[in-house]
Amino acid sequence: MTEFTVEPSRIKDRYLSVLDSIQSTAIRFGRSPGAIGLLAVSKTRTNEEVRTLAQAGQLDFGENYVADALPKIHALKSLGLTWHFVGTVQSNKTNMIAQHFDWVHSIDRARIAHRLNDARSNEPLNVCVQVNVDDEPQKSGVCLGDVADLVTNLQELPLLRLRGLMSIPRARSNPEESRTAFSTLYQLFQEVRPSESEHWDTLSMGMTNDYEIAIEEGATLVRLGTALFGPRA
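Engineer: Describe helix α6 (residues 147-154), naming the residues involved and giving the relevant values.
Structural biologist: Within α6 the residues assigned to the buried category are V147, L150, V151 and L154. Along the axis of α6, the buried residues cluster in a sector spanning 105°; they form a single face. Contacts from the buried residues of α6 go to β4 (103-107), α5 (110-119), β5 (125-131), β6 (160-167) and α7 (179-191).

Engineer: Got a sec to walk through the packing of helix α1 (residues 8-28) against helix α2 (residues 47-55)? Specific residues and values, please.
Structural biologist: Where α1 meets α2, the closest approach of the two axes is 9 Å, and the angle between their N-to-C directions is 45°. The angle between the axes of α1 and α2 places the two elements in the oblique class. The two elements α1 and α2 meet at a crossing, and its hand is right-handed. Contacts between α1 and α2 involve P8, I11, K12 and Y15 from the former and E49, T52 and L53 from the latter.

Engineer: Describe the packing of aromatic side chains, listing the residues and the values that go with them.
Structural biologist: Under the criterion given, the structure shown has 3 aromatic pairs. Centroid distance F189 to W200: 5.3 Å. Interplanar angle 15°. Geometry classified as stacked. Of this pair, F189 sits in helix α7 while W200 sits in the loop between α7 and β7 (202-204), placing them 11 residues apart in sequence. Exposure class is identical for F189 and W200. Each is buried.

Engineer: Explain the pairing of β6 residue by residue, including any values.
Structural biologist: Put simply, side chains in a regular strand alternate between the two faces of the sheet. In terms of residue burial, β6 counts as a mostly covered element, since 8 of its 8 residues are buried. Of the pairings in the sheet, the one linking β5 to β6 comprises 7 bridges and is parallel in character. When the bridges of β6 are listed, Q130 appears paired with M166. Where β6 lies against β7, 3 bridges are found, and the strand directions are parallel. The partner of G164 across the bridge, within β7, is T202. Of the crossover connections in this fold, the one passing from β6 over α7 to the parallel β7 is right-handed.

Engineer: If you had to explain the environment of V89 to someone new, which residues and values would you point to?
Structural biologist: Here V89 is to be found in the loop between β3 (82-85) and α4 (94-100). Sequence separation between V89 and I112 is 23 residues; the distance between their C-alpha atoms is 7.4 Å. If we ignore the near neighbours within four places in the chain, the residues touching V89 are T94, I97, V104, S106, R109 and I112.

Engineer: Could you give me a rundown of the pattern of salt bridges, with the residues and numbers involved?
Structural biologist: Applying the stated criterion across every chain yields a total of 9 salt bridges. For K72, the salt bridge is made with E63, and the minimal N-O distance between the two is 2.9 Å. You can call K72 buried: its relative accessible area is 5%. For the salt bridge of E216 with R179, the shortest nitrogen-to-oxygen distance reads 3.0 Å.

Engineer: Hey, could you go over unusual backbone geometry for me, with residue numbers and the actual values?
Structural biologist: One non-glycine residue with positive phi stands out, namely T44, at about 70°. Residue position: T44 is located in the loop between β1 (37-41) and α2. The exposure class of T44 is exposed, given its relative accessible area of 55%. Positive phi, close to 55°, is recorded for D135, a residue that is not glycine.

Engineer: So what's going on with the pairing of strand β2 (residues 60-63)? Which residues, and what values?
Structural biologist: Sheet topology places β1 next to β2; 2 bridges connect them, and they run parallel. Bridged to A40 within β2 is F61. With respect to chirality, the unit in which β1 leads through α2 into the neighbouring parallel β2 is right-handed. Two elements, β2 and β3, share 4 bridges in a ladder whose sense is parallel. Within the sheet, the bridge partner assigned to D60 lies in β3 and is T82. In this view, the connection linking β2 to its parallel neighbour β3 by way of helix α3 (residues 66-75) has right-handed handedness.

The rules we used
- Residues numbered from 1 in each chain as written.
- Predicted model: local features only at pLDDT ≥ 70, side-chain atom pairs only at ≥ 80, totals over all residues.
- Heavy atoms only, no water.
- Buried < 20%, exposed > 50% of the residue type's maximum accessible area, 1.4 Å probe, protein only.
- Helix = DSSP H or I, 4+ residues; strand = E, 2+ residues; numbered from the N terminus.
- Arc of directions from axis to C-beta.
- Contact = heavy atoms within 4.5 Å.
- Axes fitted to C-alpha atoms, helices over the stretch in contact; angles between N-to-C directions.
- Parallel < 35°, antiparallel > 145°, perpendicular 65-115°, else oblique.
- Left-handed = near helix turned anticlockwise from the far one by under 90°.
- Phe/Tyr/Trp six-rings, centres within 6.5 Å; stacked < 30°, edge-to-face > 60°.
- Pairing = 2+ DSSP bridges.
- Right-handed = clockwise from strand over helix to strand, strands pointing away.
- Salt bridge = Lys/Arg side-chain N within 4 Å of Asp/Glu carboxyl O.

Take a look at the structure:
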C-alpha cells in the first residue's frame, strides 16, 4: 500500500494555488507569466507525492542528494520528468550527476564543471553558476567578483550548456530583506551575460518564503518545496 506524506488532493490544490500566485505576481509587476518557471524541490518527498504533482502538470523537479534522487529518478522514468540537481556537487558524485540529471544549478568551481563535462555524453548538461550573493563563508557558491571568470571558463566546455545564475540568499525573518540580494543577482545576470547568449535565460532565485519578491526583482525560475508539499515530516 502506497503511503503519502501529504494527501494527493492537498498537493494538487497547493500546486494550482502556487501557479495562480506566480501568474498574478508576474502580472502585478508587469512581467509575462510565461516567463517564470516553477521548479518543484522534491527532496525527502515520496515517489507518489512526486507522481501526483507530475500528473497535475509539473514536470521539473529538484533534488539535493544523489543517493536519494537516483532511485526516485529510476522509479518515475516513465513520466518523462526533467531532473535538476540543486545541492552541493561533490567531486565523487560528478559522474552520477552528469549521467542522470538534466540540469545542475550549483556550479561554483571550474574543477567541478570540467568533471561534469568529461562525464557527460551526447546532449549537453544544462548548468547554472551558483552565486554566494551574501558572501556567507559556510555556504556554497562563487563570490560576486569571481562570477565573470567562471562564466567565461564554462563557455569553453562543449558538453555543458550555460543557462544562467542561481543563488540562495541568507535566510531572513522578513522576506522583504532579501530584495537587495535579488536585485544584486539580477544586475549581475545582465552584466556577465555572454556575448553569444542563445541559451542564457535562467535566473534561479526565490523559494517558498520570498518567491514573490524574487519574481518582482527578475527571477525566471523559482524553487519551491514547502509551498507545494507542505512542511516536511
